[in-house]
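Inside the fold
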Amino acid sequence: MFKIDPSRLDVVREFKARPFGEHSPELQYVLNYMRSRPVTQFEVLVMTDPGKRWVLAYMPTGGVDVPKMTNQTFDRLEDAEWHVFKLRWKDITGKDLPID
Amino acid sequence: MTRIMGYADRISVQPGETVAVMASCIGAPRYRAEIVRLLNPNAGMGASDYKEVRIDTPANASYPGREQKMHAGSFGVVPAKRALEGLRSFTLQAYVWPTTPKKGQQALMGLWSEAGTGFGLFVGTGGAAEVRIGGFRLSSGVPMLERRWYLVAASFDAESGRVRLWQEPIYDKTFHAERPVAVDGKAKASLPDAGAPLIFAGWRKGEAEAPTAWGRLLVSGHFNGRIDRPRLARKALDRAAIQALASGRLPSGLEEEILGFWDFARGISSERISDLSPNRLDGEVANMPTRAMTGHNWTGAEMDWTKDPGQYGAIHFHDDDIYDCRWQTDFSFTVPADSRSGFYAAKLVADEATFYVPFFVRPKKGTARSKIAFLASTATYTVYANNRARFLSMRTELYQGRISMMDAVDILQLEFPEMGVSTYDRHSDGSGVGFGSRLRPVTNWKPHGRLWNYCCDLFIIDWLEHVGLGYDVITDDDLHAEGQDLLRPYKVVITGSHPEYWSLEMLDALDGYQRQGGRHMYMGGNGFYWRIAYHPSKPGLIEVRRSEDGVRAWDARVGEYYHQFTGEYGGLWRRQGRAPQVATGVGFISQGFDACSYYRRTEASLDPRVAFMFEGVADEILGNFGVLQGGAAGLEIDCVDPALGTPPHALVVARSENHSNTYILVAEEVNVPHGAMDAVQNPAIHADLTFFETPNGGAVFSTGSIAYAGSLPVNGFDNNIARLTTNVLRRFVDERPFAMPT
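These figures come from a predicted structure and were not determined experimentally.

Brief notes about the sheet that holds strand β2 (residues 53-60) of chain A
Pairing in this open sheet of four strands is mixed, and the strands run β3(A)-β2(A)-β1(A)-β29(B) from one edge to the other. Strand pairing shows two members of the sheet lacking a second neighbour, β3 (68-74) of chain A together with β29 (405-407) of chain B, which therefore form its edges. Taken over all neighbouring pairs, the strand axes of this sheet differ in orientation by 35° on average, direction set aside. Taken together, the three bridges between strand β1 (residues 41-49) of chain A and β29(B) define a ladder with parallel strand orientation. When the sheet's bridge partners are listed, V46(A) is paired in β29(B) with M406(B).

A word on the environment of R390(B)
Residue and element names in this part refer to chain B. Within the fold, R390 resides in the loop between α2 (378-384) and α3 (396-400). Note on R390: 21 C-beta atoms within 10 Å, which makes it buried. Residues R390 and E615, spaced 225 residues apart in sequence, show a C-alpha to C-alpha distance of 42 Å. Those residues in contact with R390, other than ones at most four positions away along the chain, are T396 and S404.

What about the confidence of the model for chain B?
The share of residues in chain B with pLDDT of 70 or more is 100%, and the mean pLDDT across the chain is 97. With a pTM of 0.97, the predicted complex shows an ipTM of 0.98.

Topic: the sheet that holds strand β30 (residues 435-437) of chain B
Taken in spatial order, the three strands make up an open sheet running β30-β37-β36 (chain B), and their pairing is antiparallel. Looking at the sheet topology across the chains shown, the edges are occupied by β30 and β36 (533-534) of chain B.

Structural notes on the nonpolar core
In terms of nonpolar packing, the biggest core is built from 151 residues, with A373(B), F374(B), I494(B), I532(B) and F691(B) touching the most fellow members. When sequence neighbours within four positions are dropped, the list of residues in contact with I494(B) reads I372(B), A373(B), F374(B), L375(B), I460(B), M521(B) and M523(B).

Let's talk about helix α2 (residues 25-36) of chain A
Residues and elements named next belong to chain A. With twelve residues, α2 should cover 16 Å at 1.5 Å per step; its first-to-last C-alpha distance of 16 Å lies within 8% of that length. Taken together, the buried positions of α2 are L27, V30, L31, M34 and R35. Buried residues in α2, looked at end-on, bunch into an arc of 125°, giving them a common side. Residues of α2 that are exposed and angled more than 90 degrees away from the buried face: P25 and S36.

Points about unusual backbone geometry
Most peptide bonds are trans, and most residues other than glycine sit at a negative phi. Residue and element names in this part refer to chain B. Its identity as a non-glycine residue notwithstanding, A292 has a phi of 55°, on the positive side. One can find A292 in strand β23 (residues 290-293). For L635, which is not a glycine, the phi torsion comes out positive at approximately 75°. Position of L635 among the secondary structure elements: in strand β41 (residues 633-640). On the neighbour-count criterion, L635 (30 C-beta atoms within 10 Å) is buried.

What counts and how
- Residues numbered from 1 in each chain as written.
- Chains lettered and ligands numbered in written order.
- Predicted model: local features only at pLDDT ≥ 70, side-chain atom pairs only at ≥ 80, totals over all residues.
- Pairing = 2+ DSSP bridges.
- Helix = DSSP H or I, 4+ residues; strand = E, 2+ residues; numbered from the N terminus.
- Axes fitted to C-alpha atoms, helices over the stretch in contact; angles between N-to-C directions.
- Buried ≥ 20, exposed ≤ 12 C-beta atoms within 10 Å, placed from the backbone.
- Contact = placed C-beta atoms within 7 Å.
- pLDDT = per-residue confidence, 0-100.
- Core = buried A, V, L, I, M, F, W, Y, C linked by C-beta atoms within 7 Å.
- Expected span 1.5 Å × (residues − 1).
- Arc of directions from axis to C-beta.

Below is the structure:
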């Protein structure tokens, strides 16, 4: 089974540069792994200003409950994707990304 | 925190007619309502500035806020009848198929009330069958398994106080270690409450102050699962008599004992439940449980319930079924005679909370105010109503390619799960949701939030407003009811960004229109895909059976592919000889939701037949911009396929390319799964901008992409997609006939 290689920062840079659209097979594997691993809660975005502002929130896995809101807001969806990617990278590898 | 939500009694209203609005307002003493006409979506960057037109009407006012409750959960009910009065001894029995035996106490059938009076059959806390007589309980002690048929029966003799309970698994070809169980006990009789109805799949909680799904009856202890052949006798029967009662035919020799001998295989398309006993204790179901479900005796030899209803005698009840909230009306709006046709809504505002209650104003029946009609996809909107699954799992990201998104109105659905879900969801017991209803608050019909369906169609309305040729709005509900007569006055019919769900009546009407010179602009993707059945009499209720294959949120169980409402075979139109390519030239090929792409013009775009389309459009690349993820081609896309019905003379004038990894071949295109099913590797995945002529001077233009609509408003409609589309509209509205190529 595929596992994320924490040394593959090239893949990280690829995602940061282009979170949406065509990805290399390696990056797609990383994203699929992140999105399908078992978690107790997962990230969602709550749109507070249509098409302009989003708040990071968490939903429980396997239940019906309102999202738990955070103080983290975004003006661009790309920024939200990058923020969540970094959170997940650390959660999976145990390491902070050396890329802002 | 203040909450406001509501719904309308009608989806399509003519000038002079009245639409009633029901609202529930929690946390504010009053709320404000305004009737507005919607002109575009509130879509942010790249889209037109959001605007709505306030309609001058006395309905615009402040109203007292009050909470109106939603009572989810389906059940069956037999109204109180003299035959049910004074029952002390009894036998209750049914075949049952529990789907959540461990969820907690659930009532199977009986005359038991929450006050602790009467008697009934139950699924106890641990999943074992149980009989209750007043406060007395006797359990089989053996938990039942999920999705397995059992005969459950209980008899009670009031004189001796003897109670007996049976729980017997039914042979189903699987291997289980279960054995039949029978247990005994002693109890005192408990008379049911006077006037109490007999209830299936729930117990009587009491009476509500306002209407509920059935009168004012409050029901609790909803059972998840199927019930087949329920019976009631006025005496304690022995096992042999119980077996006789469990047969499909009324047994001889038990006439004095039998009180109710219900046959759920009768009236499957209706809400009626029939008692074959001499007492005729007929009843009805409430909140739309699912019928035409395989029963305890289904052999697998028959797949069509209409051919052998006796094998389809099960009703599947769910604790989250809901059809009509039956709220009381807050206010009404009578559409002024001179009103423009369009997308309308009652905008409800309480403190910081806002909720739109949409409806459509159409022209008076038999008339048209324009040569152009926009057909609002109300069938598809209804099928999608309250789609919750998309933000309940991170796995949504696997096919969306992005983090799931919601807004404050979506969250209402999580705060108030009793408002029910959509046919894109599963019930709480994991079974697929087969009904969509609009007679409840709907969180995804609004001009903001996720840009999908209703919201995306407002891009097309925005463009029609910009072009200024006028337009009428008509709806799927109108089309289903009125057929081709609805379309006949129009030179051009525009279908929306995602007209996915079609009844036979709708499809036949469109086919007739296209064959008689009508012009059709299909402005979307993944249209004309699933077959649906409208309920023949209940408004705003649509059924979909997700049979065989297709891109689907759940799959219908084998043997349950035929609609309950009509007996029609369900599933993809493609599987019924009417693939989308027949009507529009194109059909569903792929979906992806991370990024949208563009079209590249083809050699065919130079054909003189389509010269009108490209006047002022010199670009080779079309739609490499858009509000919907940056391109005109994407989200759900369609392509031509002559084998599925694309006319031989159809011209693909532009074809999309460069779709991302999340775009995968749809299931019905894959017989043998392989490693090259994404758009990066598979050249079959593309959207085809397609044109062809039809008989009697008609023509069809198809975009084959949901995202297309989101490119129209970019740069103030000064772009090649808007220009090309406007060219098509102007030519299509022109009386000059198109000639079929020879």
